[in-house]
Amino acid sequence: MSLPFNAYCFDRTRVRLRKGVSLDRDEGLGTNTIRARNLEFPLQDRNGLLEFAALLADGVGLAQALSLTSANERALALFKGILMRGFAEYAMYYAPDEYIRVIPNTGDYIPEFPAEPPHAQYALVPDAFLKRAGNEWVLLAPKCRAEVLFPFPSGFEMLSGLAEGGSPPCEHSGRALVYATLASLGLIETRFGDAESQPQTGLQFHELLFHRLSRKGDHGQASGATFAGLPKGGENPFSTRVWKAGQPIILPDVPPIEKPYGKSIREFSDRPISLSQLGRLLSMTVMATDSTTNLIDGVPIEVPQKPYPSGGGLYEIEVYLAAYNVAGLPVGFYHYNSTKHCLSTVSNDEAKLRRLAIISRTTMGARSDPATVIVLSARFQRMTWKYRSLTYSVILKNVGVLMKTIYDALPGCGLGGCALGSGNIDLFEELTGLDWLEESSVGEFVIGVPEQPQEREKG
Ligand SMILES: Cc1cc2nc3c(=O)[nH]c(=O)nc-3n(C[C@H](O)[C@H](O)[C@H](O)COP(=O)(O)O)c2cc1C
């Protein structure tokens with residue numbers, strides 16, 4: 001009897017440490033270390049761990065790796081840790097010496113294969129795209145559990161059929177292995193829609209891609225500060241631009257601002273935020289103060305008015321709070337109803353709330369956990385029915401305006417805080433259960449009671 005198709009695929013898949021990740025042994029000290037860029041992870045030489053890491057460094061069959069980790073809990077933890085940090089990749093051999101590289105975007109991605117080879121006609125999904133990286137082609141989509149790299153030219157020939165619907169042979173073959181992998185990742189599909197069709201959110205391809213890759217979540221891109229490319233020895237790139245032409249016109253002096261607003265505070269006292277402080281902050285920044293009836297497409301529609309200006313006048317931003325230290329409020333994730341000025345519980349999931357606290361603390365490099373994280377999300381469709389193409393950029397500008405409004409209101413509430421540039425959109429999806437294409441987080445703001453009394457109370 002011939003091998004089931006999934007066993008055939010496992011046989012042709014190897015898992016290994018990625019280029020740039022190495023297993024180093026220091027003979028003098030007798031230590032072993034997994035090294036990647038400037039990260040180092042010491043590895044103990046017991047429980048078969050070193051042996052397993054050495055297999056991964058050389059490349060090991062996926063079936064063997066899975067059987068070793070199912071028999072050894074520590075090896076499983078090591079494997080998961082390696083996957084989670086993006087240190088491993090899968091090589092799938094579609095010919096004796098030719099393989100695609102599958103690089104996980106999520107920490108838990110292990111390829112799965114169907115029992116039968118695919119036999120339908122497939123085409124790329126509308127938002128999949130291909131770009132060159134070195135001498136390979138990378139196939140990816142805005143949300144995808146892994147990126148797939150094809151060598152040039154043989155791998156590219158396999159892709160060329162997918163624009164118009166390519167049929168893999170219905171038998172065990174390299175092409176069937178590749179098609180099964182792409183199908184399981186949602187990069188190809190059997191329903192060929194209109195290639196121009198838009199996802200239900202209305203956000204366009206470049207906007208979805210920008211949203212996903214510029215936030216934390218399932219993708220393999222480095223995010224946050226890297227300090228790459230700062231020119232050495234040249235002019236200070238932070239110096240004020242001086243326009244040399246003509247005589248400068250000196251402007252009249254203005255009295256200095258005594259204590260400027262808008263200063264970030266990242267460390268807080270243990271004192272809880274009171275509900276009245278929280279209520280005051282929300283009413284000064286995001287509470288609906290009024291409403292107006294706009295004629296939209298000839299239909300009268302009531303639109304709220306809020307204390308901050310909003311491009312498009314549609315107030316697409318929703319406000320959620322992860323409350324950790326608010327007097328009288330159990331730890332939880334809440335939605336703020338801006339018309340009724342009240343909070344509703346969205347989730348009490350402690351593990352997810354903990355993840356949000358850790359991400360927020362580390363994003364601002366703080367020692368202590370935040371008292372509250374305000375999460376700002378956007379309801380995309382509110383904007384996409386009105387605008388095309390510039391929607392997402394307007395949303396981000398609105399987030400900036402709202403952040404400044406919060407900065408300015410904090411001292412008057414006896415609070416301090418810090419805007420955050422990069423929250424995790426998948427965690428927001430898990431906490432709210434909302435599809436990221438419908439509503440997704442676009443900004444965060446940590447608040448708490450500062451150690452020092454605030455500058456001054458606003459009237
Ligand atoms: C949109 C935005 C995103 C920000 N993201 C972060 C962040 O992720 N981490 C952080 O520590 N500070 C963040 N900040 C705070 C800035 O670092 C801070 O405003 C800036 O350094 C000026 O310092 P100041 O607020 O003390 O005047 C952000 C501020 C804004 C407006």
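Residues numbered from 1 in each chain as written. Predicted model: local features only at pLDDT ≥ 70, side-chain atom pairs only at ≥ 80, totals over all residues. Heavy atoms only, no water.

A. A look at the overall build of the chain. The helix and strand tally for the chain stands at 12 helices and 20 strands. Its C-alpha atoms put the chain at 80 × 70 × 60 Å along the principal axes. The buried share of the chain, reckoned over its 459 residues, is 44%. Restricting the contact set of the chain to residue pairs at least 6 apart, pairs at least 24 apart contribute 69%. One finds the centroid of the 45 positive side-chain charges in the chain at a distance of 6 Å from the centroid of its 50 negative side-chain charges. (Helix = DSSP H or I, 4+ residues; strand = E, 2+ residues; numbered from the N terminus. Buried < 20%, exposed > 50% of the residue type's maximum accessible area, 1.4 Å probe, protein only. Contact = heavy atoms within 4.5 Å. Lys, Arg positive; Asp, Glu negative; His and termini not counted. Charge placed at Lys NZ, Arg CZ, Asp CG, Glu CD.)

B. Broad picture of the layout of surface pockets. Taken as a whole, the largest pocket holds about 1700 Å³ of empty space. As for the largest pocket, its lining consists of 49 residues, and the residues nearest its centre are Met84, Arg85, His219, Gly220 and Gln221. Mapped onto the lining of the largest pocket, the elements with two or more residues apiece are strand 4 (39–43), helix 4 (73–84), strand 7 (98–104), strand 9 (129–133), strand 10 (136–140), strand 11 (146–151), helix 9 (350–363) and helix 12 (425–432). Residue contributions to the lining of the largest pocket peak at five residues, all from helix 9. Among the residues forming the lining of the largest pocket, the class breakdown is 17 nonpolar, 17 polar and 15 charged. Both domains that meet at the lining of the largest pocket, namely domain 1 (5–189) and domain 2 (275–448), each give it at least three residues. (1 Å grid on protein atoms, 1.4 Å probe; cavity = no way out; pocket = protein on both sides within 12 Å on 5 of 7 lines; lining within 4 Å. Points joined across faces, edges and corners; volume = space filled by probe spheres on them. Nonpolar A, V, L, I, M, F, W, Y, C, P; charged D, E, K, R; others polar. Domains from an automatic or database assignment.)

C. Structural detail: the domain arrangement of the chain. We note that the domain assignment places domain 1 (5–189) and domain 2 (275–448) within the chain. Taken over C-alpha atoms, the centre of domain 1 sits 38 Å from the centre of domain 2.

D. Structural view of empty space enclosed by the protein. For the structure on display, the rule yields three cavities of 30 Å³ or more. When its volume is computed, the largest cavity comes out at roughly 60 Å³. Lining the largest cavity are Phe333, Leu356, Val375, Asn424, Leu427, Phe428, Leu431, Ser441 and Glu444. Contributing elements (two or more residues each) for the lining of the largest cavity: helix 12 and strand 20 (439–448). Of the residues forming the lining of the largest cavity, the biggest block, three residues, is contributed by helix 12. Grouping the constituent residues of the lining of the largest cavity by class yields six nonpolar, two polar and one charged.

E. Here's a closer look at the confidence of the model for the chain. This prediction gives the chain a mean pLDDT of 89; 93% of its residues lie at or above 70. Segment residues 455–459: pLDDT under 50, and 16 contacts once partners within four positions in sequence are set aside and those in other chains are kept. (pLDDT = per-residue confidence, 0-100.)

F. Quick peek at the environment of Ala120. Of note, Ala120 is situated in the loop between strand 7 and strand 8 (123–124). Distance in space between the C-alpha atoms of Ala120 and Tyr179 is 9.9 Å, their sequence separation being 59 residues.

G. Structural view of the side chain of Ser422. Looking at where Ser422 falls in the secondary structure, it is placed in the loop between strand 19 (416–420) and helix 12. Here Lys216 takes part through its side chain, which lies 2.9 Å from a polar atom of the side chain of Ser422. Filtering out sequence-adjacent residues up to four positions away, Ser422 remains in contact with Arg215, Lys216, Ile359, Thr363 and Glu444. (Polar contact = N/O pair within 3.5 Å; in protein donor to acceptor, adjacent residues only side chain to side chain.)

H. Spotlight on the site of the ligand. Taken together, Gly262, Lys263, Ser264, Arg266, Thr363, Met364, Met403, Tyr407, Cys418, Ala419, Leu420 and Gly421 are the residues near the ligand. Arg266 is positioned such that a nitrogen or oxygen atom in its side chain is 2.8 Å from an oxygen atom of the ligand. Between the ligand and Thr363 there is a distance of 3.2 Å, counted from a nitrogen atom to a backbone nitrogen or oxygen. Within the complex, the protein chains bury 56% of what would otherwise be the 620 Å² of accessible surface of the ligand. (Near = heavy atom within 4 Å. Areas by Shrake-Rupley, 256 points an atom, 1.4 Å probe, with all protein chains shown as cover.)

I. Local environment of the nonpolar core. By size, the foremost hydrophobic cluster in this structure holds 64 residues, and its most contacted members are Leu281, Phe333, Ile374 and Ile447. Examining the composition of this core, we find that nine residues originate from one element, helix 11 (residues 391–409), more than from any other. Not counting residues within four places of it along the chain, the set of residues in contact with Leu281 comprises Ile374, Ile406, Ala409, Leu410, Cys413, Leu415 and Ile447. By size, the runner-up hydrophobic cluster in this structure holds 52 residues, among which are Tyr8, Leu56, Ala141 and Ala146. (Core = buried A, V, L, I, M, F, W, Y, C linked by side-chain atoms within 4.5 Å.)

J. Representation of the environment of Lys386 in the model. Mapped onto the secondary structure, Lys386 falls in the loop between helix 10 (380–384) and helix 11. Within the structure, Lys386 has its side chain in polar contact with the backbone oxygen of Gly312 (distance 3.2 Å).

K. Here's a closer look at the sheet that holds strand 2 (residues 21–26). Taken together, three strands build an open sheet; the order of strands is 2-3-4 and the sheet is antiparallel. A single partner strand is all that each edge strand has here, and the edge strands are strand 2 and strand 4. Averaged over all pairs of adjacent strands, the angle between their axes in this sheet comes to 25 degrees, without regard to strand direction. For strand 3 (residues 31–36) and strand 4, the ladder comprises five bridges, and the chain directions are antiparallel. Bridging across to strand 4, Ala36 finds its partner in Leu39. Together, strand 2, strand 3 and strand 4 form the strand contacts of helix 2 (residues 49–58), whose direction differs from that of strand 2 by roughly 135 degrees. (Pairing = 2+ DSSP bridges. Axes fitted to C-alpha atoms, helices over the stretch in contact; angles between N-to-C directions.)

L. Fine view of the pattern of salt bridges. Taken as a whole, this structure holds 19 salt bridges when the rule is applied. One salt bridge connects Arg367 with Glu267, and the closest N-O pair in it is separated by 4.0 Å. Note that Arg367 is positioned in the loop between helix 9 and strand 18 (372–379) and Glu267 in the loop between helix 7 (205–213) and helix 8 (275–285), a separation of 100 residues in sequence. For the salt bridge of Lys404 with Asp408, the shortest nitrogen-to-oxygen distance reads 2.8 Å. You can see Lys404 and its partner Asp408 sitting in helix 11, four residues apart, about one turn around the helix. Taking relative accessible area as the criterion, Lys404 reaches 43% and is therefore assigned partly exposed. Note on Asp408: relative accessible area 21%, which makes it partly exposed. Put simply, Arg16, Glu89, Arg101 and Glu136 are held in one network by salt bridges that share partners. (Salt bridge = Lys/Arg side-chain N within 4 Å of Asp/Glu carboxyl O.)

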